[in-house]
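# Topology and contacts: notes
What follows is the residue order along each chain.
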Amino acid sequence: GDSVTQMEGPVTLSEEAFLTINCTYTATGYPSLFWYVQYPGEGLQLLLKATKADDKGSNKGFEATYRKETTSFHLEKGSVQVSDSAVYFCALRDGETSGSRLTFGEGTQLTVNP
Amino acid sequence: EPEVTQTPSHQVTQMGQEVILRCVPISNHLYFYWYRQILGQKVEFLVSFYNNEISEKSEIFDDQFSVERPDGSNFTLKIRSTKLEDSAMYFCASRTQNTEAFFGQGTRLTVV
C-alpha cells in the first residue's frame, strides 16, 4: 500500500539557517504530494503541494519538488524564522488506488531558536 | 477566514464508555473526513463521508466507530465502547470538489 517516510526528528535550528526535511514515498499510482504544517494549538494547514513529476510547490519561502525518479518530496527553506517552529507533515493522495484519503508521514518537529 | 471547528478540545473518558466527537465543517464543503494520530505515531485516515454516506473507510474504522451528519452543519464521530488504545488526537477535515482538505485543530481523547 501507499506510505510516506519522513526524516527522523526533532530538528533544531538557529534563525536564518537552511532547512531541509526529507520525505520519500511509496505509491502504486501517480500521487499528488503535500506538505502540511501544524503550529502549536492549531490544526493541520496545507503549506504547499505538487500534483505531478517535476512540479515545484512553494509557499511562505518553503519549496518542495516532486521527484519521481527518487520518489521524494523534500521540504526546503533558505532562511528559517522563529515563527516557523511547528510540526511538518509530508502526505500523499493516490486517487487511483485510495480515493481522496491522505496518507501521512510521521511528522517532523521543527524548533527555531533566536 | 472560514475554518473547521472541533469540540471539545480535550475529552477524558472511562474505558467502555461511549464518546461523540463533534466537528463543524466549512459551510459550503461537501466531503468530510476523520483522521487520528496516536501519540508518537502517524496521522491515520479513518473515514470519508460524502452525500450522506461513507465513501471510504480504513481497517481501523470497525464496528465500534460510526459517523453521522445529523443536521446541515455538524459532522460527528462516535466511538461506542472506548478502549485504552483509542486514546489519540482526532482530526476532522472538509473540502469542496476543487480544494484540498481543511483540518480542524483536533480533539485529544484520553481513555482511562
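In case you missed it, the structure is sitting above this.
If you're wondering where the values come from, they're calculated on a predicted model, not measured in any experiment. (Residues numbered from 1 in each chain as written. Chains lettered and ligands numbered in written order. Predicted model: local features only at pLDDT ≥ 70, side-chain atom pairs only at ≥ 80, totals over all residues. Heavy atoms only, no water.)

### Things to note about empty space enclosed by the protein
- Per the counting criterion, the structure on display carries one cavity of 30 Å³ or more.
- Quantified by volume, the largest cavity comes out at close to 60 Å³.
- Taken together, Tyr36, Arg93, Ser100 and Leu102 of chain A together with Tyr33, Tyr35, Ala93, Arg95, Glu100 and Ala101 of chain B form the lining of the largest cavity.
- Counting only elements with at least two residues in the lining of the largest cavity, the list comes to β4 (31-37) and β9 (88-95) of chain B. (1 Å grid on protein atoms, 1.4 Å probe; cavity = no way out; pocket = protein on both sides within 12 Å on 5 of 7 lines; lining within 4 Å. Points joined across faces, edges and corners; volume = space filled by probe spheres on them. Helix = DSSP H or I, 4+ residues; strand = E, 2+ residues; numbered from the N terminus.)

### A word on the sheet that holds strand β8 (residues 75-79) of chain B
All names here are of chain B.
- With antiparallel pairing, the four strands of this open sheet are ordered in space as β1-β3-β8-β7. Only two strands of the sheet have a single neighbouring strand rather than two, namely β1 (5-7) and β7 (65-68). Strand-to-strand twist of the sheet, defined as the mean angle between neighbouring strand axes without regard to direction, takes the value 20°.
- Direction of pairing for strand β3 (residues 19-24) relative to β8: antiparallel, over a ladder of five bridges. Looking at the pairing, Leu21 lines up with Leu77 of β8. (Pairing = 2+ DSSP bridges. Axes fitted to C-alpha atoms, helices over the stretch in contact; angles between N-to-C directions.)

### Focus: the state of the cysteines
All names here are of chain B.
- Applying the stated criterion across every chain yields a total of two disulfides over all chains.
- Shown here is the disulfide that connects Cys23 with Cys92, its sulfur atoms set 2.0 Å apart. The disulfide joining Cys23 to Cys92 has a torsion of about -65° about its S-S bond and is therefore left-handed. Taken together, the residues Cys23 in strand β3 and Cys92 in strand β9 connect sequence positions 69 residues apart.
- Classification of Cys23 by relative accessible area gives buried; the value is 1%. (Disulfide = S-S within 2.5 Å. Buried < 20%, exposed > 50% of the residue type's maximum accessible area, 1.4 Å probe, protein only.)

### Overview of unusual backbone geometry
- Residue Pro8 of chain B is reached from Thr7 of chain B by a cis peptide bond, and omega for that bond is -10°.
- Within the secondary structure, Pro8 of chain B is located in the loop between β1 and β2 (10-13).
- In this structure, Thr71 of chain A takes a positive phi of about 45° despite not being glycine.
- Given a relative accessible area of 31%, Thr71 of chain A falls into the partly exposed group.

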